[in-house]
Structures are given as C-alpha cells and as structure tokens.
Amino acid sequence: MPVSRSLDPEPTPEFDVRCTDLHQSWAEGYKPLDEAIDEMTALRTEAAVEGIVANQARAETFLGIMYGYQGNLANSIQYFERARALFTQVGNLKRIATCDLNLGETYRYKGDFNRARQYFERAYETHKELKDLIGETTALCNRGQMFLSLGDLDSAAKDLILAADMVKQLPEENANRNTLSCEISRSLALLYIEQGRLDEALFEAQAAFAIASRTQSPFDVGYANRAMGQVLTAVHESSGESDDSDSPDSYFQRANEAFRDINAEGEVARTMFEHATSLALRGRRIMAAKKLHLAIVIFTRLGMTDDAAKAAEAQREML
C-alpha cells in the first residue's frame, strides 16, 4: 500500500530540530563532515519513506550545504535542485528562495557567474516581496561578492553597502545577525583593498575579526582571519615595509585550521591561494609556489573553475 504524502509547507518541528542540530554539530566542529553527511542522508531517507515532503526537502537542503563545503559541487547542486522542487510541490516560497540563494552560491563557486546572478536576483526579489529581511540581506551580500569576483567594484559596493545598512535593522538577539555581519564586513574589507582604501579595509577586517572572536564559529573564524591576512598583505605592500611584527602568515594559518576543522576543502584551497599570493608579494616565492600548486590541484579536483583559472594565472606570473 503506497505511503500517503504530507504536503504541509513547513517541515515538522521535531524533524527540523534534528536536522538543524546535526548541521550545527558539524558547523561548530564537533562532528566530522563525512559522518554528518551520512546521518543527514539517513534523515532524508526517513522523510522520504514517511512521505513528508517538506521534511525531505529540509534534509536535502542541508545535504546541499554540506556537499558544497566538502567541495563536491555537482552533488551540492543536485541536492539543492531537489530541495527546490520539493518545496515547490508544497508551495513554500521562502524556502524556494533560500534554495535559489544556495544554488547561486554554488554556481558562483563553479565560476558560472551568469547562472549565479540569475539565482541571486530571483532570491532577492522573492525575499523582498516576502519582507524577509534576513534573506534579502543575504542575497545582496552574496550578489555583492559575485560582483567583487568579477571585478565590478561599483556594483559590488552598491550591494555590500546596502547589505551593511540592512543587517543593522536585525535585532541583536537574532541568531543570523553575527554571522551575516561578519560576512559583510570581511567582504567590504576585500572591496576596499581593491579600491586602495586600506584604512577602511583594516577597519572592516577588524570588525569581522571581533565578531569571530565572540562567536568562535569555525566559519566566522576562518573567513575573518583570511580577510585580516589579505588586508595586512595589502598594507605591507603599500608601505613597502618588511616588518613582520604583525605577519599575515599567522592569520592565514589560523584560517586554514578553522576550515580544516569542518572539512571545508574549497575554503582551505582558497586560503592557500591567498596565502601564496601574500608570500609572493613579500618575496617568499618558493613557499608561495608550493602552496599555489596545491591550491590549483584542489580547485581543479573540486571543479572550482574560476578559482583554478585565477590560481593558474598567478602561477604563470610567478614563473
């Protein structure tokens, strides 16, 4: 006898807590990623057997996130697309928009910026219509980072500065405020480096670092330390000083440790790339070349096309 299907738009509260707690145990570094993926897959199977569509979609969403940070972008996209299709079945517009955001990020990692932009803009419009401030701000932040990757600094500035204004409207007790503020600040730091506004870049990197010091989230710690390393590299390059009293190296190392703790292999490779760039600018070319080679190997294996191309170009310039 076929199992009846529940088409309630939201996951059941008990199932949602199980998924969220499992995701959190990995994101905070308490559970290995492979183990978390296995357990989330079991939850997805359980929901499918029980015929609760929103529960299955919720588990599929978390699997997309986990595979994305593992660097398996093909699997990540597959799970996000399935989650989106399931949430479409139950008519949950907010979670459909969240899937669009996640798909945009994954395609940004792949270097498919046209498709990423389509997803970010669709997510932004939906969250705006739903008056979902967190989703709207996240979409702006992600799209701003995409423009930054493309070198479109004016568009990046417009999105990131608006996102920075919007995140201040979130209540201080909101669980998403710290992480989103940290992400916006470290993105602004990178924007200001590109614009040559190094004092402002340092201010934003310090703001991200302060948030990470409070939250101790591996993601926040990793991103904030990497941004600080990038800013200090730019400051040292601009000043022409060789003083390593506040060396970028320790920040890149701490970033890599944080990303390794949660098996975020793509971010480990990105940190290696930025560290290699920093080392080369400071004349340590042999060590830079070794890190750059390893980053290229990882980018290529993970299908991170844009990052692999940028790293290969940096390698050619270093020869």
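Residues numbered from 1 in each chain as written. Predicted model: local features only at pLDDT ≥ 70, side-chain atom pairs only at ≥ 80, totals over all residues. Heavy atoms only, no water.

1. Details of the nonpolar core
Counting residues in hydrophobic clusters, the biggest one holds 86 residues, and the most contacted among them are Trp 26, Met 40, Ile 184, Leu 191, Leu 292 and Phe 299. Setting aside residues no more than four positions away along its own chain, Leu 292 makes contact with Phe 273, Ala 276, Ala 311, Ala 314, Gln 315 and Met 318. One finds Val 53, Ala 54, Ala 83 and Val 90 within the second-largest nonpolar core, a separate group that totals nine residues. (Core = buried A, V, L, I, M, F, W, Y, C linked by side-chain atoms within 4.5 Å. Buried < 20%, exposed > 50% of the residue type's maximum accessible area, 1.4 Å probe, protein only. Contact = heavy atoms within 4.5 Å.)

2. A closer look at helix H14 (residues 285–302)
The terminal C-alpha atoms of H14 lie 25 Å apart, and with 18 residues this matches the ideal 26 Å at 1.5 Å per residue to within 8%. Those residues of H14 lying buried are Ala 288, Leu 292, Ala 295, Ile 296, Ile 298, Phe 299 and Leu 302. Along its buried surface, H14 packs onto helix H3 (53–70), helix H4 (73–89), helix H13 (265–281) and helix H15 (305–318). Backbone geometry just after H14 places Gly 303 at a positive phi near 75°. (Helix = DSSP H or I, 4+ residues; strand = E, 2+ residues; numbered from the N terminus. Expected span 1.5 Å × (residues − 1).)

3. Section: the packing of aromatic side chains
Note on aromatic pairs: each is described by the distance of the centres and the angle between the planes. Summed over the entire model, instances satisfying the criterion amount to seven aromatic pairs. Ring plane angle 75° and centroid distance 5.9 Å describe the contact between Phe 209 and Tyr 251, whose orientation is recorded as edge-to-face. Of the two residues, Phe 209 sits in helix H10 (residues 198–215) while Tyr 251 sits in helix H12 (residues 248–261), which places them 42 residues apart along the sequence. Using a relative accessible area of 26% as the deciding quantity, one classes Phe 209 as partly exposed. One cation-aromatic arrangement involves Arg 143 over Tyr 124; the distance from NZ or CZ to the ring centre is 5.5 Å. (Phe/Tyr/Trp six-rings, centres within 6.5 Å; stacked < 30°, edge-to-face > 60°. Lys NZ or Arg CZ within 6 Å of the ring centre and 35° of its normal.)

4. Regarding the packing of helix H5 (residues 93–110) against helix H7 (residues 133–150)
For the pair H5 and H7, interaxial distance at closest approach is 11 Å and the crossing angle is 15°. By the angle between their directions, the pair H5 and H7 is classed as roughly parallel. Of the two elements, H5 crosses H7, and the hand of that crossing is left-handed. Of H7, the residues touching H5 (which contributes Leu 101, Glu 105 and Arg 108) are Gly 135, Thr 138, Ala 139, Asn 142, Gln 145, Met 146 and Ser 149. When grouped by side-chain class, the residues that make up the contact of H5 with H7 number three nonpolar, five polar and two charged. (Axes fitted to C-alpha atoms, helices over the stretch in contact; angles between N-to-C directions. Parallel < 35°, antiparallel > 145°, perpendicular 65-115°, else oblique. Left-handed = near helix turned anticlockwise from the far one by under 90°. Nonpolar A, V, L, I, M, F, W, Y, C, P; charged D, E, K, R; others polar.)

5. A word on the confidence of the model for the chain
Residues with a pLDDT of 70 or more make up 97% of the chain, whose mean pLDDT is 94. Mean pLDDT in the chain bottoms out at H15, which sits at 89, and peaks at helix H8 (residues 153–167), which reaches 98. (pLDDT = per-residue confidence, 0-100.)

6. Quick word on the pattern of salt bridges
Under the criterion given, the structure shown has 25 salt bridges. Here Asp 100 and Arg 122 are joined by a salt bridge, their closest N and O atoms 3.2 Å apart. Here Arg 122 lies in helix H6 (residues 113–129) and Asp 100 lies in helix H5, a separation of 22 residues in the sequence. By relative accessible area, Asp 100 is classed as buried at 1%. We classify Arg 122 as partly exposed; its relative accessible area is 39%. (Salt bridge = Lys/Arg side-chain N within 4 Å of Asp/Glu carboxyl O.)

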